[in-house]
Amino acid sequence: MKTVIKNEHFGIARKIVSNMTAESWETIPHAVVSYEPEVTEFLKVMKEINKDATKETKLTLNTIMLRVIVEGLKACPILNSHIEFNRKLVRGNVKTFKEIDISMPMILKTGEMMTINMHDMHNKTMSQMRDAIADSARRANNSDLNEVMFEVSLDNTLQGLKKGKIAQTVNRLIGSKTGKHKVKTLSGKAKKEYYSIPVTDRLTKHDIEQGTITVSNLGSVCRDWNGICTILEIIPPQVCAIAIGSTQLVPIAEETGEVRTGYRLPLTIAFDHRALDMGDVAPFMNRLNEIFANPEIIKEWV
């Protein structure tokens, strides 16, 4: 008999992640492509932009790449969509949005991970993106994640009830409110004190609701990672998820046959094959190719 050194029941964060990712793999036919542009000159321009920057004003690769990805989405708006599909009736539709709300996983000072909805990224400069991300991190570190996630979970459950998903609603209530698996939220004085914190200083349901697309910077989690993300889940009803890897110094062959060293940045693009085909994704990569071939353009987005 094996010795169990720890038996930890799922908290609400892990419940939500488990439910969403399980739904993703059960319902979405994933198609995945890797894209590995050379970013040698791009990184030089980034260094120029940050030449006189302080810690607070520095533009990270994550922020700059979010702006690049937004440009790609503007050229390929179908990636910024939600899908509705009824398999029994074989009926579906894809809603494409003008607003680009990026669901972005973020590691907090506690070591916990929270996916934040970075709203209206289509309207922001890179500096505004940097400040929005910093402000979200500040508010997240002031927040009780169980409370925020319970608000979202409760809202999702109520929305399901409105759609007639009675069995799902009952099961979720049993799973979250009974036994060892009961979700622990604030009560009494602690709850009153927490909700007295202004919403400008903590996260709310608005901050972690579903975005229009998910972008994960995996390279920031493991900076010395020499590889690519081979697959990632699409969170329904989104139709696309993008992972940013870490820059890698590699041999690069010129058309002349000359070989030199340079940097590549692996990206992974997963898309819902019910909504998209490879040809639908091509305009996104073509736009990024244009940016990486002419990186001086990013100076206009500061």
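Everything that follows concerns the structure shown earlier in this document.
Residues numbered from 1 in each chain as written. Predicted model: local features only at pLDDT ≥ 70, side-chain atom pairs only at ≥ 80, totals over all residues. Heavy atoms only, no water.

## What to know about the pairing of strand 5 (residues 113-118)
Stage number 1. Judged from the six bridges that link them, strand 4 (residues 102-107) and strand 5 form a sheet pairing that is antiparallel. Paired with Met106 across the strands is Met114, a residue of strand 5.
Stage number 2. Hairpin geometry of strand 4 and strand 5 is characterised by an intervening segment of five residues between the two adjacent antiparallel strands and by a positive phi of about 90° at Gly111. (Pairing = 2+ DSSP bridges. Helix = DSSP H or I, 4+ residues; strand = E, 2+ residues; numbered from the N terminus.)

## Digging into the sheet that holds strand 10 (residues 267-272)
Each strand in a sheet pairs with another by means of backbone hydrogen bonds, the pair being arranged parallel or else antiparallel.
Stage number 1. Strand order in this open sheet of six strands is 1-10-7-6-4-5, and the pairing throughout is mixed. Edge strands, defined here as strands with exactly one partner in the open sheet, are strand 1 (30-35) and strand 5. The sheet shows a mean angle of 20° between the axes of neighbouring strands, taken without regard to direction.
Stage number 2. Sheet topology note: the strand 7 (residues 240-244)/strand 10 ladder contains five bridges and is antiparallel. Looking across to strand 10, one finds that Ala241 is bridged to Ala270.
Stage number 3. Sitting on the sheet, helix 10 (residues 278-293) touches strand 1, strand 7 and strand 10, and the angle it makes with strand 10 is about 155°. (Axes fitted to C-alpha atoms, helices over the stretch in contact; angles between N-to-C directions. Contact = heavy atoms within 4.5 Å.)

## So, the nonpolar core
Stage number 1. If you look at the biggest cluster of nonpolar residues, it comprises 60 residues, and the most contacted ones within it are Val68, Ile102, Ile242, Ile269 and Phe284.
Stage number 2. In terms of residue count, helix 3 (residues 61-75) provides more of this core than any other element does, seven residues in total.
Stage number 3. Excluding its chain neighbours within four sequence positions, the residues that come into contact with Phe284 are Ile69, Gly72, Leu73, Cys76, Leu79, Ile242 and Ile269.
Stage number 4. Residues Ile28, Cys229, Leu232 and Ala243 belong to the second largest nonpolar core, which totals seven residues. (Core = buried A, V, L, I, M, F, W, Y, C linked by side-chain atoms within 4.5 Å. Buried < 20%, exposed > 50% of the residue type's maximum accessible area, 1.4 Å probe, protein only.)

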